[in-house]
Amino acid sequence: MSAIAPLSPTAALALAAYGGADLWLKSRRLRAVVSASGWAFTLKRRPAFERAEFECDIARAHCRLTPIGRQAQVSGVLRDQDVELQDASGQALAQRRDARRFFPFGRRTIWWDDLDMSWFACYAFWNYLTLPRLLLNPEVGWSETAPGQLRAEFPAHIPTHSRHQRFDFDPASGLLRRHDYCADVVAPIAHAANVVLRHECQNGLTFAAHRRVTPISPWRRALPAPVLVDIQVHELVLEG
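Here the structure is a predicted model, which means the values were calculated and not measured.

A.B. asks: Help me out: how do you make sense of the pattern of salt bridges in this one?
C.D. replies: Two side chains with opposite charge may pair up if their charged atoms get near one another. Summed over all chains, the structure comprises 22 salt bridges. Measuring nitrogen to oxygen at the nearest pair gives 2.7 Å for the salt bridge that ties Arg 46 to Asp 114. Taken together, the residues Arg 46 in the loop between helix H3 (39-43) and strand E2 (49-57) and Asp 114 in helix H4 (residues 114-129) connect sequence positions 68 residues apart. Relative accessible area serves as the criterion here: at 9%, Arg 46 is assigned to the buried category. Here Arg 96 ties to Asp 113 by a salt bridge, and the two come within 2.9 Å at their closest N and O atoms. Placement of Arg 96 in strand E6 (residues 92-96) and of Asp 113 in the loop between E6 and H4 is noted, with a sequence separation of 17 residues between them. A relative accessible area of 18% means that Asp 113 is categorised as buried. Look at the salt bridges and you will find they share partners, linking Arg 96, Arg 107, Arg 108, Asp 113 and Asp 116 into a network.

Written out as structure tokens, the structure reads:
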């Protein structure tokens, strides 16, 4: 990242709420313990994540999620556009380059393998957990559409749900309330509302600890069901 993106009032407030620019610029790595379940897992014939270990570079999508499937010692690894399965020693078990190009058609409409899940879950957790750093990324086109609302336009080389996304923040606290997008790799019509239900503070760091993803109506109403993904972050640590 060669420069820092200029911050709108909402982006500046949000960044301050999550620890400030200095913290996110000096930190290099992130570690978290996460759980996730819901109808999207059932749809793709995937096991839920139960206190899985996630780690990543903060400034780029280099991530590891363990376990990625039913084998406890197998990790899903994302390096930008490529995914890999690794055993506990770091030995590669399977690889897939440019993983995004395989979605969402063919057999992926009804089931995902461990490499498919590695792509989706790693980039999704990276996007969610490093949002304060993404606010500083000049390659993301951030615009404030109303007080408390940000619109993001992502470049093609950043793995993410969709090119255009919307973020709603509490105008008083700056904390994220909702994140809207289309999960393109699931389906071209997979428009969703990712609603933050609870924040936590651990070791002075505030983060979204519980989220629920449901379909979104044409009027931007977050529907109560089905619950596509229920996400919990049990622990989160930044490292220099």
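A.B. asks: How should I be thinking about unusual backbone geometry in this particular structure?
C.D. replies: Most peptide bonds take the trans form, and the phi angle of most residues other than glycine is negative. Here Thr 66 and Pro 67 are connected by a cis peptide whose omega angle stands at -5°. In this structure, Pro 67 sits in the loop between strand E3 (62-66) and strand E4 (75-79). The omega torsion of the bond from Ala 225 to Pro 226 falls at -5°, within 30 degrees of zero and hence cis. With respect to the helices and strands, the residue Pro 226 is situated in the loop between strand E12 (205-215) and strand E13 (229-239).

A.B. asks: Would you mind showing me how to read the packing of aromatic side chains here?
C.D. replies: The geometry of two aromatic rings is summed up by the distance between their centres and the angle between their planes. Evaluated as defined, the whole model comprises nine aromatic pairs. Measuring from centroid to centroid gives 5.5 Å for Trp 119 and Tyr 123, while their planes differ by 65°, and the two rings are edge-to-face. Of the two residues, Trp 119 and Tyr 123 both sit in helix H4, four residues apart, roughly one turn of that helix. A relative accessible area of 1% means that Trp 119 is categorised as buried. When the centroid spacing of 5.7 Å and the interplanar angle of 80° are considered together, the rings of Phe 120 and Tyr 123 count as edge-to-face. With a gap of three residues between them, Phe 120 and Tyr 123 both fall in helix H4, about one helical turn apart. Under the relative-accessibility criterion, Phe 120 is labelled buried at 13%. Under the relative-accessibility criterion, Tyr 123 is labelled buried at 0%.

Cut-offs used in this document
Residues numbered from 1 in each chain as written. Predicted model: local features only at pLDDT ≥ 70, side-chain atom pairs only at ≥ 80, totals over all residues. Heavy atoms only, no water. Salt bridge = Lys/Arg side-chain N within 4 Å of Asp/Glu carboxyl O. Helix = DSSP H or I, 4+ residues; strand = E, 2+ residues; numbered from the N terminus. Buried < 20%, exposed > 50% of the residue type's maximum accessible area, 1.4 Å probe, protein only. Phe/Tyr/Trp six-rings, centres within 6.5 Å; stacked < 30°, edge-to-face > 60°.

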